[in-house]
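One-letter residues, chain by chain:
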Amino acid sequence: MFKYPPVLIFLLLTMLSLASKSQDIRDTADYRALVEQANSIANSKLDSALILYLNIAKDTEKAGYQQLNWEAKMKAGATYSDLGKKDSALLILQDTYREIAAQRDSAYQLKVLIKLADYYADNYEFERAIIHLLDAQKLMTNSTPFPLRFDVLNTLGQVHKKMKDYTSALKYYRLLETDFFYQLNDFDRFLVFMNIGNVYLETKDYAKTEELYLKAYAEIQKIDDSANLALITYNLGNLYFKQRKNIQATKFAEKALKSYTVIGNKVYIEFCYRLLGALQYRFRNFQAAEKYYLKALQIANEIDNRNSLIGNYLNLAMNYRAWGKSTADTAKYEKAWKFHKMWANLKDSLYQSNLANQALELEKKYETEKKNAKITMLEKDNQLQADELILEQQQRRFMWIVIALMTIIIGVVVYFMVYFRRVNDQLKRQSRLIFDQKEQITDQNIQLQKAVNTQNKLFGIIAHDLRSPLVSVNNFVRLLNYYIADGRYDKITRMAKEMDRKNDQVLELTDNLLNWARSQSGGLTPVLQHISLNEILDECYELYLPVAERKEISLELEAEGNCLLWADRDMVRTICRNLINNALKFTPQKGTVRLNYSCTKTEARVSVSDTGMGISPDRQKRLFNVSKEDVRNGTDGERSSGLGLSVCKEFCEILHGKISVRSQENTGSTFTFTMPLYADELKELAALDIPD
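What counts, and at which threshold
- Just so you know, the residues in each chain are numbered from 1, in the order the chain's sequence is written.
- Owing to the predicted nature of the model, reporting of local features is limited to residues with pLDDT of at least 70; listing and counting of side-chain atom pairs is limited to 80 or more, with chain, interface and lining totals taken over all residues.
- Excluded from the side-chain calculation are hydrogens and water; included are all heavy atoms of the structure.
- Secondary structure is summarised from DSSP: a helix means a run of H or I of at least four residues, a strand means a run of E of at least two, and numbering begins at the N terminus for each.
- Each residue's exposure class comes from its accessible area (1.4 Å probe, protein chains only) as a fraction of the maximum for that residue type: buried when under 20%, exposed when over 50%, partly exposed otherwise.
- Residue exposure ignores everything except the shown protein chains as possible cover, and the areas themselves are Shrake-Rupley values with a 1.4 Å probe.
- Pairing of aromatic rings covers Phe, Tyr and Trp, the last counted by its six-membered ring, and requires centre-to-centre distances within 6.5 Å; plane angles under 30 degrees mean stacked, over 60 mean edge-to-face, and any other angle means tilted.
- A ring has a charge above it when a Lys NZ or an Arg CZ is no more than 6 Å from the ring centre and no more than 35 degrees off the ring normal.
- We call two N or O atoms a polar contact when they sit within 3.5 Å, provided that within protein one can donate a hydrogen and the other can accept it, with sequence-adjacent residues counted only if both atoms are side-chain atoms.
- Two residues form a contact once any of their heavy atoms are found within 4.5 Å.
- To get an axis, fit a line to the C-alpha atoms, keeping to the stretch in contact for a helix; angles then go from 0 to 180 degrees between the N-to-C directions.
- Throughout, the term roughly parallel applies to angles under 35 degrees, roughly antiparallel to angles over 145, roughly perpendicular to angles from 65 to 115, and oblique to all others.
- Rotating anticlockwise by less than a right angle from the far helix to the near helix defines a left-handed crossing, while the corresponding clockwise rotation defines a right-handed one.
- Patch definition: residues above 30% relative accessible area lacking any salt bridge, with like charges linked at up to 9 Å and the nonpolar side chains Val, Leu, Ile, Met, Phe, Trp and Tyr linked at up to 5 Å.
- One side-chain nitrogen of Lys or Arg within 4 Å of one carboxyl oxygen of Asp or Glu is enough to make a salt bridge.
- The definition of a nonpolar core used throughout is a set of buried Ala, Val, Leu, Ile, Met, Phe, Trp, Tyr and Cys residues joined through side-chain atoms within 4.5 Å.
- What counts as a disulfide here is a pair of cysteine sulfur atoms lying within 2.5 Å.
- Here, expected helix span is obtained from the residue count minus one, scaled by 1.5 Å.
- Note on pairing: two strands pair once DSSP finds at least 2 bridges between them.

Engineer: Tell me about the overall build of the protein chain, and please be specific about residues and values.
Structural biologist: Broken down by element type, the protein chain carries 22 helices and seven strands. Residues classed as buried in the protein chain amount to 38% of the 692 residues present. For the protein chain, the exposed surface amounts to about 41400 Å²; the carbon and sulfur share of it is 55%.

Engineer: Give a detailed account of the packing of aromatic side chains, specifying residues and quantitative values.
Structural biologist: With the rule as written, the count across this model stands at 22 aromatic pairs. Ring geometry for Tyr260 and Tyr268: centres 4.8 Å apart, planes at 15°, overall stacked. On the basis of relative accessibility, which here comes to 2%, the residue Tyr260 falls in the buried class. Classification of Tyr268 as partly exposed rests on a relative accessible area of 24%. Note that Lys171 overlies the ring of Tyr172, its terminal NZ or CZ placed 4.8 Å from the centroid. Its guanidinium or amino end placed over the ring of Tyr292, Lys291 lies 5.0 Å from that ring's centre, counting from NZ or CZ.

Engineer: Would you mind going over the side chain of His132 in detail, with residue names and values included?
Structural biologist: Mapping His132 onto the fold places it in helix α6 (residues 126–139). Side-chain polar atoms of His132 contact the backbone oxygen of Arg128, separated by 2.8 Å. Apart from residues no more than four positions distant in its own chain, His132 is found in contact with Leu113, Leu116, Ala117 and Tyr120.

Engineer: Residues and numbers for the packing of helix α2 (residues 46–63) against helix α3 (residues 66–82), please.
Structural biologist: Relative orientation of the contacting elements α2 and α3 amounts to 155°, with a least axis distance of 8 Å. On the basis of their axis angle, the class for α2 and α3 is roughly antiparallel. In the crossing of α2 with α3, the sense of the turn from one axis to the other is left-handed. Across the interface between the two elements, Leu46, Leu50, Tyr53, Leu54, Ile56, Ala57, Thr60 and Glu61 of α2 pack against Leu68, Asn69, Ala72, Lys73, Lys75, Ala76, Thr79, Tyr80 and Asp82 of α3.

Engineer: How would you sum up a nonpolar patch on the surface? Please name residues and give values.
Structural biologist: A cluster of nonpolar residues, Phe398, Ile401, Val402, Leu405, Met406, Ile409, Ile410, Val413, Val414, Met417 and Val418, forms a patch on the protein surface that exposes about 960 Å² of accessible area. Mapped onto the secondary structure, Val418 falls in helix α16 (residues 330–486). When its relative accessible area of 41% is taken as the criterion, Val418 is described as partly exposed.

Engineer: Describe the nonpolar core, with residues and values.
Structural biologist: The biggest cluster of nonpolar side chains holds 103 residues, and the ones touching the most others in it are Met194, Ile232 and Tyr260. The element that contributes the greatest number of residues to this core is helix α9 (residues 186–202), accounting for nine residues. Apart from the residues lying within four places of it in its own chain, the contact partners of Ile232 are Phe190, Met194, Tyr213, Ala216, Tyr217 and Ile220.

Engineer: Hey, could you go over the state of the cysteines for me, with residue numbers and the actual values?
Structural biologist: The final tally for this structure, using the stated rule, is one disulfide. Through a disulfide, Cys563 is tied to Cys599; the S-S separation comes to 1.3 Å. Negative torsions about the S-S bond denote left-handed disulfides, and the value of about 95° found for Cys563 with Cys599 makes this one right-handed. Here Cys599 lies in strand β4 (residues 592–599) and Cys563 lies in the loop between β2 (554–558) and β3 (564–567), a separation of 36 residues in the sequence. Lacking any disulfide linkage, Cys576 is separated from the closest cysteine sulfur, that of Cys540, by 5.0 Å. Just so you know, Cys652 is unpaired, no disulfide at all, and the nearest cysteine sulfur is the one on Cys648, 6.6 Å from it.

Engineer: Could you give an account of the side chain of Asn246, naming the residues involved and the relevant values?
Structural biologist: As for its position among the elements, Asn246 is in helix α12 (residues 246–263). You can call Asn246 buried: its relative accessible area is 15%. Discounting chain neighbours no more than four positions away, the residues touching Asn246 are Leu279, Arg282 and Phe283.

Engineer: Quick one: what's the story with the environment of Val192, residue by residue and with numbers?
Structural biologist: Of note, Val192 is situated in helix α9. The class of Val192 is buried, set by a relative accessible area of 1%. Measuring from C-alpha to C-alpha, the distance between Val192 and Gly157 comes to 9.8 Å, with 35 residues separating the pair along the chain. Setting aside anything within four residues of it in sequence, one finds Val192 in contact with Phe150, Tyr173, Leu176, Glu177 and Leu184.

Engineer: So what's going on with helix α11 (residues 226–242)? Residues and values would help.
Structural biologist: When the terminal C-alpha atoms of α11 are compared, their 24 Å separation across 17 residues agrees well with the 24 Å that a helix rising 1.5 Å per residue should span. Taken across its 17 residues, α11 has 12 buried, putting it largely inside the fold. The complete set of buried residues in α11 reads Asn228, Ala230, Leu231, Ile232, Thr233, Tyr234, Asn235, Leu236, Gly237, Leu239, Tyr240 and Phe241. Looking at the buried positions of α11, the neighbouring elements they touch are α9, α10 (206–220), α12 and α13 (266–282). Downstream of α11 by one or two residues, Arg244 has phi in the positive range, about 65°.

Engineer: Can you lay out the sheet that holds strand β7 (residues 668–676) for me, pointing to particular residues and giving the numbers?
Structural biologist: Strand order in the open sheet made by the five strands is β2-β4-β5-β7-β6, with mixed pairing throughout. Edge positions in the sheet fall to β2 and β6 (658–664), since each has one partner strand and no second. Adjacent strand axes in the sheet meet at a mean angle of 15° when their direction is disregarded. Across seven bridges, β4 lies against strand β5 (residues 603–610) in antiparallel orientation. Across the sheet, the residue bridging to Leu595 is Val608, located in β5. On the sheet, helix α19 (residues 569–585) packs against β4, β5, β6 and β7 and is oriented at approximately 175° with respect to β7. Its contacts with the sheet put helix α21 (residues 643–654) on β6 and β7, and the angle it makes with β6 is roughly 140°.

Engineer: Let's hear about the environment of Ser609: which residues, and what values?
Structural biologist: Position of Ser609 among the secondary structure elements: in strand β5. Sequence separation between Ser609 and Asn596 is 13 residues; the distance between their C-alpha atoms is 8.5 Å. When sequence neighbours within four positions are dropped, the list of residues in contact with Ser609 reads Thr592, Val593, Arg594, Ser669 and Thr670. At a separation of 3.1 Å, a polar atom in the side chain of Ser609 contacts the side chain of Thr670.

In structure tokens:
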């Protein structure tokens, strides 16, 4: 009967071991279910969730479930932070981190570093938060699970958003969206879109916020996550409220309220009631706003949220005041005063309470940091003792190497500084020389081009306008001999008049050519002196009166006093002669050419009007340019070169005057130019050879 005892004992131990493992698996599943239950409770009852997390941590520590123990502790630390118990939160998270670091579990090290970063960011210790996240990044490898990589980058974005460094926050969120898009699940994409939208909301870019929120709304609807669906629904309602899209805001706020009512999250139920009250207040539906605000106030009292109480007291005071103003109801004003007083009292009380809490929190934080500093100092002392031995050995070796390298580097730097300074000086001199030469060449090119253009225009006019009258004179001379031999003296008389007219044309054209060419080449220098405008106009009037009588044109001179100009006599005379000659040339028989002028304090204005052919608007734009296309003959076939008006414009500009034209086809034209009047200051400037 004792033949098989060892075998029986082995089988019994094996069965017990399997039973024990089965119990472990069941217990692990139970604890995970408890963690999920605590997560669900945390949405509405943080105190209850904290108690459950602490119990799970205690039980898993006894059972030896290390990773479950760490997870429960991290959850408890985060819940402590949410409840405002900052010192307890930091203590439990740091203890957990030391335990995990001792076990060298990189995955859980990443998790607890993220929790610590969240804690420091919530307390505005952004530098420590970033340091913990950078430490987390150093721990990441190619084998790190993607959810942990996602959490690190996402938390970096959240921390930078809290720091109001929106550019860096968007960088991390966009990195997740672009580089890891195909690795993201529906919930990850929801989270990324909502976080990017939150950044744009902070920067008040509501259009981009709406675009991202709608993407997040579409992603969360793909999965069964009522809490986050309610959150993005509320966010959209709040966004539309900010955009003053009141109908859409009401729709999403009501949907969020229904969802949170089912979930039982009283914090967000209060938010929804308050948002709906604000919308009704905006619609001036004060009764409905009162209903929503009172419900929000009731919930704020239930959850004992003083910040929410303050907001609701103020909203009710504003609503009753506006309601009373619109209905002239004193009872509403009394209610407004009542809630305003409650708001002021609670605000003062909360301010004092916050001061006391902050002082207590700072004291606890100081004690905690003092303990942590002692621990850190001990760790550093141990590390320093170990490092000192190595440093003493390496210090001497590196000292000579550094001295040698520094000597070489300094020598090389000095050499190149001297070399580059010489090269730079030489390049500057060459660059300056090249620049001066370039400017000189450019000026020469401009002068050359101007001279070529002047020459081309001059030759074109000589070839056409000057040659034609000379050819006519040549033909007249040949005919003259024939008529003398034949005794046709009447023809000779008529031919003499025609030759005289052609001769006048040649002289006029020659004068204009010479004046225009000199003005274009820069060789024309005005002789400024005080001159009488009356004398010049009288002289021109006497000169062109016979021409006017020959064409049966009435030439009239109208004067208002005497004007003394500061100008070049010949240039002013040329301007007047060209304008009068053109007026007579393009005015038909029985027409009128009128000269008049007037004086202001600083300038004289001379006008030459005619009742001639007039000028089209299109031709007026090109009137003062030398162009063969715009040349036309006078009313008696007189030739025109187009140079006269160009000369007038050039001379007016040289003498600091202006010329303009008003004309209507088949009605007539009026050419007006101005000249500066004589003044003692101008004479003194001319004597000093200073350009005025």
